[in-house]
Amino acid sequence: MSHPATSPLPIVLTIAGFDPSCGAGIAADLKTFAAHNCYGIAAVTALTVQSTQGVRSTHLTPAATLRAQLDALAEDMTIVAVKIGMLGNKANAAAVAEFLDKAQIANVVLDPVARAQAGGAELMDASGLKYLREELMKHATVVTPNVPEAEALLGVEIKDLAAMEAAARKLVELGARAVVVKGGHMEKAIDVLFEGSEVLHFGGDKVKSPNTHGSGCTFASAITAQLATGRALRESVLLAKAYVTKAIERSYAVGKGPGPLNHFYRIQQEPQPRGTHELPTHGMHPAAEPGVRG
Ligand code: PLP
């Protein structure tokens, strides 16, 4: 059997923090990329100590180490799209801006993560947020704040759809190429996309579920994967919203706090009793194919 010389799948990078409960951050991003048939790679900005019950502490990667991870990956692979999540501080944000300047990657999705939904430690400090607004945002194809993040970036209160639209316009005025203000925190989960001309609304039923840990990461990663496969931004946002909605609908708890999304709902199977899982026979090494064991 011949091997393809290079990855047949788009290579997509996440620059984000690690959540050991694997609901948010890098783990959510890589699951989302895999669910969209992309090959995911990751540069770690921080190790967080957290469970489904919240973030206990954060331990940032030194900026030079983050930069070294990014350089090593970019020297080795052709990266089609990047998703940026938790950065922690200004030094890490600046390392990412420098990298983006040099690497010139076509699709850059910036999720301006500030604080975990479940509360606890902050995921970005104040000078980092200022740098993100004044510098890093300009490097992004699209910025995806939720309402509290848009409020923190702009120092305004956002109470309704009109204020979400105004926030999206203001962020574009400040240098973002496009902005999606996510409505998940509002009564109706309408997302607002502004690319510089018209404002678009993306509606959808708000799913009542406690299992939304990592939904922001997942949404941004799904947009990134769609852009990586060549779709336009508005189509990518539409498909990402549909994916997140379904993944929340099909979610389940894994611990005592809010559970993760079900990133693999499309290939979900009924669990079987322990030890009776069917072996996947297709594509196995001949030694493990049924009937060839001695
Ligand atoms: N990134 C990391 C590493 C996190 O731990 C969290 C939340 O805990 C987030 C991002 C943001 O998560 P969400 O997608 O729920 O906003």
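Owing to the predicted nature of the structure, the values given are computational and were not obtained by experimental measurement.

### What about the nonpolar core?
In this structure, Leu13, Ile15, Ile84, Val96 and Leu136 are the most contacted members of the largest nonpolar core, which totals 46 residues. If near-sequence neighbours (up to four positions away) are discounted, Ile15 is found in contact with Ala43, Thr45, Leu66, Leu70, Val82, Lys83, Ile84, Gly85, Met86, Leu87 and Val96. In this structure, Val109, Val142, Val180 and Tyr243 belong to the second largest nonpolar core, which totals 21 residues.

### What to know about the site of the ligand
In the region of the ligand, 14 residues are neighbours, and Gln50, Gln117, Gly214, Gly216 and Cys217 sit closest. The contact in question runs from an oxygen atom of the ligand to an N or O atom on the side chain of Gln50, over 2.5 Å. Take Gly214: an N or O atom from its main chain is 2.9 Å from an oxygen atom of the ligand. Considering every element that reaches the shell around the ligand, the biggest residue donor is helix H7 (residues 215–228), with 3 residues. Residue classes in the shell around the ligand are distributed as 6 nonpolar, 8 polar and no charged.

### A closer look at the side chain of Glu149
Tracing the backbone through its elements, the reader meets Glu149 in helix H5 (residues 147–154). No salt bridge is formed by the buried Glu149, whose closest oppositely charged neighbour, Lys182, lies at an N-O distance of 4.4 Å. For Glu149, the contacting residues outside a window of four places in its chain are Asp111, Pro112, Val113, Ala114, Thr144 and Lys182.

### Notes on the packing of aromatic side chains
Tallying each qualifying case throughout the model produces 1 aromatic pair. Arranged with centres 5.7 Å apart and planes meeting at 35 degrees, the rings of Tyr243 and Tyr265 form a pair that is tilted. On the criterion of sequence distance, the pair formed by Tyr243 in helix H8 (residues 233–249) and Tyr265 in the segment after H8 is long-range, its members being 22 residues apart. Residue Tyr243 shares its accessibility class with Tyr265, and that shared class is buried.

### Considering the environment of Glu198
Among the secondary structure elements, Glu198 is positioned in the loop between strand S8 (191–194) and strand S9 (199–202). When residues no more than four places from it in sequence are discounted, the contact partners of Glu198 are Leu193 and Arg234. A distance of 3.2 Å separates the side chain of Glu198 from the side chain of Arg234, its partner in a polar contact.

### Some points on the pairing of S8
Residues Asp191 and Leu193 of S8 are buried on one face, and the alternating residues Val192 and Phe194, pointing to the opposite face, are buried as well. With 3 bridges joining them, strand S7 (residues 179–181) and S8 adopt antiparallel strand pairing. Pairing of Val179 across the sheet is with Phe194, part of S8. Here S8 pairs with S9 via 4 bridges, running antiparallel.

### Things to note about the packing of H5 against helix H6 (residues 161–173)
Between two packed helices, the angle of one axis relative to the other and the distance separating the axes together describe the packing. Close contact between H5 and H6 brings their axes to 11 Å; oriented N to C, the two are set at 50 degrees. It follows that H5 is oblique to H6 by the angle criterion. Regarding H5 and H6, the two cross each other, and that crossing is left-handed. On the side of H5, the interface is formed by Val147, Ala150, Leu153 and Leu154, while H6 contributes Met164, Ala167, Lys170 and Leu171.

What counts, and at which threshold
- Residues numbered from 1 in each chain as written.
- Predicted model: local features only at pLDDT ≥ 70, side-chain atom pairs only at ≥ 80, totals over all residues.
- Heavy atoms only, no water.
- Core = buried A, V, L, I, M, F, W, Y, C linked by side-chain atoms within 4.5 Å.
- Buried < 20%, exposed > 50% of the residue type's maximum accessible area, 1.4 Å probe, protein only.
- Contact = heavy atoms within 4.5 Å.
- Near = heavy atom within 4 Å.
- Polar contact = N/O pair within 3.5 Å; in protein donor to acceptor, adjacent residues only side chain to side chain.
- Helix = DSSP H or I, 4+ residues; strand = E, 2+ residues; numbered from the N terminus.
- Nonpolar A, V, L, I, M, F, W, Y, C, P; charged D, E, K, R; others polar.
- Lys, Arg positive; Asp, Glu negative; His and termini not counted.
- Salt bridge = Lys/Arg side-chain N within 4 Å of Asp/Glu carboxyl O.
- Phe/Tyr/Trp six-rings, centres within 6.5 Å; stacked < 30°, edge-to-face > 60°.
- Pairing = 2+ DSSP bridges.
- Axes fitted to C-alpha atoms, helices over the stretch in contact; angles between N-to-C directions.
- Parallel < 35°, antiparallel > 145°, perpendicular 65-115°, else oblique.
- Left-handed = near helix turned anticlockwise from the far one by under 90°.

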